[in-house]
Amino acid sequence: MKFYIATDHAGYALKEFTKNYVEELGHEIIDLGPDSADRVDYPDYAKKCAKKVIEDKGSFGILICGTGIGISIAANKVEGIRAALCHDAYTAAATRAHNDANILCFGERVVGKGVIESMIDAFCNTEFEGGRHAGRVDKIEGCSFGENLG
Ligand code: RB5
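These lines cover the structure that appears in this document, whether it is placed above or below. This is a predicted model, so every value here is computed, not measured.

## Considering the side chain of asparagine 102
1) Next: By secondary structure assignment, the location of asparagine 102 is in the loop between helix H4 (89–99) and strand S5 (103–107).
2) Next: Assessed through its relative accessible area of 9%, asparagine 102 is described here as buried.
3) Next: Polar side-chain contacts of asparagine 102 include one of 2.9 Å to the backbone oxygen of glycine 80.
4) Next: At 2.7 Å, the side chain of asparagine 102 forms a polar contact with the backbone nitrogen of arginine 82.
5) Next: Among residues more than four places away in sequence, those in contact with asparagine 102 are Val53, Ser59, Phe60, Gly61, Gly80, Ile81, Arg82, Ala83 and Phe123.

## Remarks on the site of the ligand
1) Next: In the region of the ligand, the neighbouring residues are Asp8, His9, Ala10, Tyr42, Cys65, Gly66, Thr67, Gly70 and Arg109.
2) Next: Within the side chain of aspartate 8, a nitrogen or oxygen atom sits 2.6 Å from an oxygen atom of the ligand.
3) Next: At 2.9 Å, a backbone N or O of threonine 67 approaches an oxygen atom of the ligand.
4) Next: Protein burial of the ligand: of its 290 Å² of free accessible surface, 73% is covered by the chains.

## As for helix H2 (residues 42–55)
1) Next: Spanning 14 residues, H2 covers 20 Å between terminal C-alpha atoms, matching the ideal 20 Å at 1.5 Å per step.
2) Next: Listing the buried residues of H2 in full gives Tyr45, Ala46, Cys49, Ala50 and Val53. Relative to the axis of H2, the buried residues are bounded by an arc of 130 degrees and lie together on one face. More than 90 degrees from the buried face of H2, the exposed residues found are Lys51 and Glu55.

Analysis parameters
- Residues numbered from 1 in each chain as written.
- Predicted model: local features only at pLDDT ≥ 70, side-chain atom pairs only at ≥ 80, totals over all residues.
- Heavy atoms only, no water.
- Helix = DSSP H or I, 4+ residues; strand = E, 2+ residues; numbered from the N terminus.
- Buried < 20%, exposed > 50% of the residue type's maximum accessible area, 1.4 Å probe, protein only.
- Polar contact = N/O pair within 3.5 Å; in protein donor to acceptor, adjacent residues only side chain to side chain.
- Contact = heavy atoms within 4.5 Å.
- Near = heavy atom within 4 Å.
- Areas by Shrake-Rupley, 256 points an atom, 1.4 Å probe, with all protein chains shown as cover.
- Expected span 1.5 Å × (residues − 1).
- Arc of directions from axis to C-beta.

Encoded structure:
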């Protein structure tokens, strides 16, 4: 699998650890920054990563901020992005299986390194189930245009 990764300052400390783990598993991961722990705005990095995931068809993203909340909200503003804020292996597997998530998000202030490894394992080893979930995922795009809300 090919991943793009980005963080804000509050997720920066876990970026190298996460990159190393993804590479140990044999996947490719491209670092989109930041290059230091200086204060930055999470929407800028969320959008940078989301844009790459859309442009590079079939690729995935990992986004980390303090809670994982702001960076996932921002990434989900980009059409075609399904960024999932996960807290454990269960949510990371479920979001691939049911939501066809293309970006895994988590919070540096929320999860530890063991949980991160288990989330990455689950995310990488779970395929989208399609079937009844495919129609629901299609409806998500409709929501961007104000349809499918009733
Ligand atoms: C930065 O202090 C923090 O607000 C940010 O990393 C994130 O948690 C926002 O949702």
